[in-house]
Amino acid sequence: MTAPQGRTGVTALTAQEREVLHALGCGLEDAEIADTLALPEDVVAGRLGGVLVKLGLRNRAAAIVHAFDCGLVVPGLGPRGQAAVPGAAFPERTGSAPGPWLRVSVLGPLRVRLAGRPVDVGPVRQQAVLAALALSPDRSVSRRQLLDGVWGTESPGGNVVPVYVYRLRKSLRSGECPDSVIRRDRYGYGLVHGVVEVDVACVEELVTAAGAAERAGDLTEAVRLCSRALELFRGEPLAGLPGPLAESERLRLTGRRVTLAQRKADWQLELGGVAEAIAGLSALALEEPLNEPVAALLMRALRRGGRRAEALAVFDRTGRRLADELGVAPGEPLLRARRAVLRGDDAGAGRGRAGSA
């Protein structure tokens, strides 16, 4: 491909200037280019200025376009050349190692495994940056979103995000897979598709499969798949990670786990697995003592098991906690469950469906 008319081709550039243009065309910012090429940032700025002058280009955007026009960077295929650039397309896997190269687990303390080996991804803010990318598998996350999500009102500004991303890229390379699993585009950063597995996405796949099994009338399989999804939770999601994003995701994912546990118990009751449902719901009620739907479903399970007095004790205990800690009376879910126990039938409680998971 020849250079556009009126512009000088990249052959007029020095090797160092071509490296800068190459990195720029791959979507890197000045700080990332400096990190990648092991140069001071002012040297990168100087070389970029030389590129613009020699090629007769007005700005960075024109330089990025020129990098593609002249074939230095190939759309969709990553950078052309010998050196791997962070954010480039991930190579196809080779060898016999099963599964993705990178596994990121956020349903507990952050845990990262690269090609089956655990990886230390640095201090907690750096971990939080990786978690933010893992929780947005289908879209890019901008620098501003990362700053707001990880630092909130304590945002340090500057180049802290590119620096953290650069460090993560270095940590998440291996000899078998030298390129980075973190890509960059004009919208921000993201994990490269097809080579990263995130436990949250695995949960959703299992839940979808469980829903399909329920619709097909196979509740035993639905319970099995839901159990597998719940097993992926290893404690408090994103435990110890700072920032508004981690806090909001902790609440969301904890709620997700509670909903799944309710749904599993409801299926177990339909299958006649009363003892199993009671065991799971009793543990859940201890973790969620103010959750009225959980208490109501436990009361239903206890009634089904002929344990009427225990079911009423759940109502009394939950009602006291609601009054003491929240200053409220029991709501309709608990009242309906109590009426069902007193009547000795299931009519007031309904099927106890936890809702669509």
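Here, the structure is the one placed above.
Residues numbered from 1 in each chain as written. Predicted model: local features only at pLDDT ≥ 70, side-chain atom pairs only at ≥ 80, totals over all residues. Heavy atoms only, no water.

**Quick look at the overall build of the protein**
Secondary structure assignment for the protein yields 14 helices and eight strands. Each of the 357 residues in the protein was classed as buried or not, and the buried ones make up 47%. For the protein, contacts bridging at least 24 residues in sequence account for 65% of all contacts bridging at least 6. For the protein, the exposed area adds up to about 17,200 Å²; of that, 52% sits on carbon and sulfur atoms. (Helix = DSSP H or I, 4+ residues; strand = E, 2+ residues; numbered from the N terminus. Buried < 20%, exposed > 50% of the residue type's maximum accessible area, 1.4 Å probe, protein only. Contact = heavy atoms within 4.5 Å. Areas by Shrake-Rupley, 256 points an atom, 1.4 Å probe, with all protein chains shown as cover.)

**Observations concerning the side chain of Ser105**
By the secondary structure assignment, Ser105 is in strand β3 (residues 102-105). Beyond its immediate stretch of four places on either side in the chain, Ser105 contacts Leu110, Arg111, Asp199 and Arg234.

**As for helix α3 (residues 41-55)**
Taking 1.5 Å per residue, 15 residues should reach 21 Å; α3 reaches 21 Å between its end C-alpha atoms and fits that length. Within the span of α3, buried status applies to Val44, Leu48, Gly50, Val51, Leu52 and Leu55. (Expected span 1.5 Å × (residues − 1).)

**Notes on the packing of aromatic side chains**
According to the stated counting rule, one finds one aromatic pair in the structure shown. Between Trp151 and Tyr164, the ring centres sit 5.7 Å apart and the planes meet at 35 degrees, which makes this aromatic pair tilted. In this pair, Trp151 sits in the loop between α6 (143-150) and α7 (160-171) while Tyr164 sits in helix α7, placing the two residues 13 residues apart along the sequence. The residues Trp151 and Tyr164 share a single accessibility class, namely buried. Against the face of Tyr189 rests Arg184, its NZ or CZ located 4.8 Å from the ring centre. The ring of Phe315 is capped by Arg338, whose NZ or CZ atom sits 5.2 Å from the centre of that ring. (Phe/Tyr/Trp six-rings, centres within 6.5 Å; stacked < 30°, edge-to-face > 60°. Lys NZ or Arg CZ within 6 Å of the ring centre and 35° of its normal.)

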